[in-house]
Amino acid sequence: MINTLYKKRQLNAYMKKVEIVNAYYNTLTGEENRETYYSAQNELYRLALLKQTMKQLYGIELYDVQLLAILAMHDNKLVEMKTGEGKTFCIGVSALLTVTSKLTDVPTALPKAPQLIIVTTNNYLAKRDAEELNKLFDYYGLRCTCNVDMSTPDADNIKSDRFKTHIIYSDCSEICFDYLRNRDLPNKPFEILFENVIVDEVDFILIDNALTNCTVSGEAREDTALVSTAFYLNMLLSIVDNLTYTESYERKYESYDMWDVDYVVFPHTKNVYITNKGLDKISEILGVDISLDYRLQTLLQFTLRGYRCYSYGVDYHITKDNKLCVINCNNGRASANSQYESDLQNALEVKHGLPMSAQNGRENSISYQVFFNKFNNLKGISGTLSDVEGEFAEIFDREIIAIPTNKEVIREDNKTQYFETVSEKYKTFVKELINNLPNKNPKLVIFENEVELLKVHKLFNKLKLKHNILINLTCEKEQAIIDEAGRPYAITLSTSLMGRGTDIKTHGLPLELYCLSHFINPRIDNQVRGRSGRQGNPGVTYFYSSIQDSLYSYCNEEDGNNLHKLVDKDKSKLDRFRLTLQRQIYSRQYSSRKAQYVYSYVGESIRSYWLEIFKQHLLNPTEDYFSKLLSTAYVDANLFVDKEEVSNFYNTYSLDDIINRICDKIRDYSSLDSIMLDYYDSIRLSLKDIESSVATKSSNTHTLITEYTLIANSVLLYHQKEFIYKLLNQKEE
């Protein structure tokens, strides 16, 4: 109640500011120019001038709800604004207002780094929005560039130029990759200031993709390693069908070795557990004790996971040039540059008889949550934020402002129809869609994944129903398909459009939306509904759900039995059952995201801190630093794995001798990176224990970060000494 009252007062305060903006706007003569803007000290008057400029340049007059969103983002709030309400222009105007807030004249020189970064979900949107808003930025003397993937030898020079800008548009993965590639270079080709960022579809990027890490791999391993991996993977794949397995939705490792199977599959986590029986059987088949071969065990895990847990069209896509790339589970879209970790990628390639990708070396990674939380001023906008308000408050310390729609929503949302089987669900859907064909309304059909979509696609072809499909094979024609989707009689089959930035224009016709399942994430359900009935236009939605859908596989045995009873006797209670299940799944996923965030944040922060210390001392070694460091090593020698070996090492060399040898070796900076990567590999193994222990705690996220940073630093002190020990014992080339 208090929270609701606070939000209402907060929204009313912004509405009063909008009234002031409109009052200023009504006094403008049309003769004002950009000099007028820069000479103005009042930000509300400046926004009125921007509203006038938008009308002059684009022929549109910003709605009051758009002004609300602009003001809220300018105050570093996250804004919930329904799809189709004009978020693109809100982002552009808010960006301009932020960048020019301290300027009193038209800028004459380019900054060394972007003053503000606008982040989208994909390259297409970054290009489109940059081109559309560039006219506005150019009018006010600001440079706007677009950061897209550039796989050219001169990429660093191109990026160096593009990053010397006031505003830069980038998709979320590209800016993260740039940071990873750039951060450890002694001579950085460009800078990221971590000052201002606006994230479009902020929940999709920071919540739904929270467990996604952007990873930059080291140099590819030698061909001999790839040949060895290929041999083992093909050998292991050949025995998979000889192994018995069962599926489990609960993780109780202590009991699985009692089961009469070779391995257990966990569909929700896409993992497997190989029982003792399975290890013995595989060792007998291969003629080698697999328990003694760590590499073979690892490849066996990935072979079984790839064979049983990952499916074509659901988890990954194979391009026309036979490359395997990952499908984003939230929107069904595959990224051409996305791959799984090397061994899993290779296991899937072997599964489909594809050429194997090169095995990558050591990896440098960061999560979206950790990267974007580096910015001092994080702003964002999306259509579905209220359901994750608590998560944004705890992880990002950001408030959410819900903006009302410009026009009342008059969409008709029909109740979900529930069925015992998928077959019954599809029969009812097809019958209802065919019955609605004469009304000429455009029809959009949403599927959970590509596999289900293609089944209906084949059925529609048999029925000779003209339709378009929006899947990974048709992504290149996406905009043309979207334009066609709003025309009379059009039928379009698609996976979830979440995070795609698409807007179907129906030219006044009601859009009929059919969704063939409820999603695990209820926000995606709401996103799907929001595709119909935008800007006060009529629309209608139909949802169909079968208890065989993947959502209900998350039920435990008792809930599963209750679900069958409800379908048979009381379908009216199924909505409540489904919503409860979705909330339970969200709660579990939030715990995982929280643990991953704390682990990633601690790892990133201590990595940056210690790397800076290392560079300072390793590039300019001082005896004082190493004397203090190594003098404690005599006391802490028991921390090392091989206590006797380390003790002998320190007893062999005097402290001065050790320092001199270190200084001689580390003056050559070119060899430092490879040594440091070895060092960080060992650190990651130690820090991984932090992640598992975080998951069992209920403390506030920031308290956990403080606690585990202290732990991590003590781990690092040990590894710093171990690093020096390894450095001194490197074989001379």
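Treat the numbers as computed from the prediction; the structure is a model and nothing was measured.

Caption draft 1: A look at the sheet that holds strand 8 (residues 263-266). On the basis of which strands lie adjacent, the open sheet formed by three strands has the order 7-8-9 and mixed pairing. One side of each edge strand has no neighbouring strand; the edge strands of this open sheet are strand 7 (245-247) and strand 9 (271-274). Within the sheet, the average angular offset between the axes of one strand and its neighbour, ignoring direction, is 20°. Two strands pair when backbone bridges link them, and strand 8 and strand 9 are joined in this way by four bridges, in the antiparallel orientation. Counted as the bridge partner of F266 is N271 from strand 9. Relative to strand 9, helix 13 (residues 294-308) is tilted by about 130°, and along the sheet it contacts strand 7, strand 8 and strand 9.

Caption draft 2: A look at the pattern of salt bridges. Inspection of the entire model under this criterion finds 25 salt bridges. In this structure, E389 and K7 form a salt bridge, with 2.4 Å as the shortest nitrogen-oxygen distance. Taken together, the positions of E389 in helix 16 (residues 389-396) and K7 in helix 1 (residues 2-27) put the pair 382 residues apart, joining distant regions of the chain. Overall, E389 belongs to the partly exposed group, its relative accessible area being 24%. Residue K7 is classed as partly exposed on the basis of its relative accessible area, which comes to 24%. E394 is the partner of K594 in a salt bridge, and the nearest nitrogen-oxygen pair spans 3.5 Å.

Caption draft 3: Representation of the packing of helix 17 (residues 422-435) against helix 18 (residues 450-462) in the model. Two elements in contact, helix 17 and helix 18, have axes separated by 12 Å at closest approach and are oriented at 50°. As judged from the angle between their axes, helix 17 and helix 18 are oblique. Every pair of crossing elements has a handedness; the one defined by helix 17 and helix 18 is right-handed. Contacts between helix 17 and helix 18 involve Y426, F429, V430 and L433 from the first element and E452, V456, L459 and F460 from the second.

Caption draft 4: How the structure looks around the sheet that holds strand 13 (residues 377-382). If you walk across this open sheet you meet the seven strands as 3-4-2-5-13-1-14, and the pairing is parallel. Since the sheet does not close on itself, it has two edges, and those belong to strand 3 (144-147) and strand 14 (400-402), each with one partner. Averaged over all adjacent pairs, the angle separating strand axes in this sheet is 20°, with direction ignored. Two strands pair when backbone bridges link them, and strand 1 (residues 78-80) and strand 13 are joined in this way by three bridges, in the parallel orientation. Counterpart to V79 in the pairing with strand 13 is I381.

Caption draft 5: Quick peek at the pairing of strand 13. Counting buried positions along strand 13 gives six out of six residues, so the element sits mostly inside the fold. With five bridges connecting them, strand 5 (residues 196-200) and strand 13 associate as parallel partners. Along strand 13, the bridge assignment pairs N196 with N377.

Caption draft 6: The arrangement of unusual backbone geometry in detail. In the Ramachandran plot, E201 falls in the positive-phi region, its phi being about 50° despite a non-glycine side chain. On the basis of relative accessible area, E201 is assigned to the buried category, the value being 8%. Even without glycine at this site, K464 takes up a positive phi of about 60°. Along the polypeptide, K464 turns up in the loop between helix 18 and strand 18 (468-470).

So, how was this worked out
Residues numbered from 1 in each chain as written. Predicted model: local features only at pLDDT ≥ 70, side-chain atom pairs only at ≥ 80, totals over all residues. Heavy atoms only, no water. Pairing = 2+ DSSP bridges. Helix = DSSP H or I, 4+ residues; strand = E, 2+ residues; numbered from the N terminus. Axes fitted to C-alpha atoms, helices over the stretch in contact; angles between N-to-C directions. Contact = heavy atoms within 4.5 Å. Salt bridge = Lys/Arg side-chain N within 4 Å of Asp/Glu carboxyl O. Buried < 20%, exposed > 50% of the residue type's maximum accessible area, 1.4 Å probe, protein only. Parallel < 35°, antiparallel > 145°, perpendicular 65-115°, else oblique. Left-handed = near helix turned anticlockwise from the far one by under 90°.

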